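These are the residues of each chain, in order.
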Amino acid sequence: MSSGITNGVYYIGNSAPNDFIPNQSSSIEGTQTIENGVLAGPVSVPATVTITINAINDPPVLSEDNPTTFTFDEDADAEDRTFTLDVTDVDMEDTFEFICEPLGDNLDCSVELIDGTPEDGGQANITILSPLDYNTLDGTESVEVTVFDGAVGRGDDSQIIEITVNPINDPP
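Conventions and cut-offs
Residues numbered from 1 in each chain as written. Predicted model: local features only at pLDDT ≥ 70, side-chain atom pairs only at ≥ 80, totals over all residues. Heavy atoms only, no water. Phe/Tyr/Trp six-rings, centres within 6.5 Å; stacked < 30°, edge-to-face > 60°. Buried < 20%, exposed > 50% of the residue type's maximum accessible area, 1.4 Å probe, protein only. Patch = residues over 30% accessible without salt bridge, like charges linked within 9 Å, V, L, I, M, F, W, Y side chains within 5 Å. Areas by Shrake-Rupley, 256 points an atom, 1.4 Å probe, with all protein chains shown as cover. Salt bridge = Lys/Arg side-chain N within 4 Å of Asp/Glu carboxyl O. Lys, Arg positive; Asp, Glu negative; His and termini not counted. Charge placed at Lys NZ, Arg CZ, Asp CG, Glu CD. Helix = DSSP H or I, 4+ residues; strand = E, 2+ residues; numbered from the N terminus. Disulfide = S-S within 2.5 Å. Core = buried A, V, L, I, M, F, W, Y, C linked by side-chain atoms within 4.5 Å. Contact = heavy atoms within 4.5 Å. Pairing = 2+ DSSP bridges. Axes fitted to C-alpha atoms, helices over the stretch in contact; angles between N-to-C directions.

## Things to note about the packing of aromatic side chains
Part 1 of the argument: One pass over the full model with this rule turns up two aromatic pairs.
Part 2 of the argument: Between the aromatic rings of F70 and F72, the centroid separation amounts to 6.0 Å while the plane-to-plane angle is 40°, which identifies the pairing as tilted.
Part 3 of the argument: With a relative accessible area of 4%, F72 lands in the buried category.
Part 4 of the argument: These aromatic residues form a ring-pair network of at least three members: F70, F72 and F83.

Put into structure tokens, the structure is as follows:
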């Protein structure tokens, strides 16, 4: 018999050790107390097991509402070549860092950090840089934006944004 389990599953073994497997879908940390016991005929011998779950740094998550495509006119002003990405993280003490990498030959990108903390949701402006009179008339190019939260070996999140640069009629 066992009770008090709220953040996982507790397996009681007959000859093997007992196992506690935390829920993978939740970010749990702290103490989990499990009340269990052994029935020996009419007698029940209670026992309490306390398990400490140490916190780890969870990776940041880019919003599913972020743009996956972005379009602007060739030679547009910087404000028309800029879009915003949002990120969240369950670890409130983290600080975000964004990196933007072009995946084609003609475009470049820059990052302006707006909010580097998860308390209000992190944000960054991504500005696409393109050569004068450049357009993607024959296709698209892409950039990949990656967000880190400073945790070495704990992951990051990245997103590829497809970029279209519309041609405009240049004067003769």
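Read on for the rest.
## Here we look at a negative patch on the surface
Part 1 of the argument: A surface patch of negative charge is lined by D73, D77, E79 and D80.
Part 2 of the argument: Along the polypeptide, D80 turns up in the loop between β7 (69–73) and β8 (82–88).

## Considering the state of the cysteines
Part 1 of the argument: Under the counting rule described, the total for this entry stands at one disulfide.
Part 2 of the argument: Here C100 pairs with C109 through a disulfide, and the sulfurs are 2.1 Å apart. Disulfide C100 to C109: torsion about the S-S bond roughly -110°, handedness left-handed. With respect to burial, C100 and C109 carry one shared label: buried.

## Considering the nonpolar core
Part 1 of the argument: Grouped together as the largest cluster of nonpolar side chains are 22 residues, with contacts concentrated most on F83, F98, I126, I128, I161 and I163.
Part 2 of the argument: Mapped onto this core, the elements with two or more residues apiece are β7, β8, β9 (97–102), β11 (122–129), β12 (141–148) and β13 (157–166).
Part 3 of the argument: The residues touching I163, leaving out its near neighbours within four places in the chain, are F70, F72, F83, L107, I128, T136, T140, E141, S142 and V143.

## Observations regarding the sheet that holds β13
Part 1 of the argument: Pairing is mixed across the open sheet formed by four strands, whose spatial order is β7-β13-β12-β9. Sheet topology places β7 and β9 at the edges, where each strand pairs with a single neighbour. If you compare each strand with its neighbour and ignore which way they point, the axes differ by 25° on average.
Part 2 of the argument: Pairing geometry for β9 and β12, over six bridges, is antiparallel. What sits directly across from E101, in β12, is E144.

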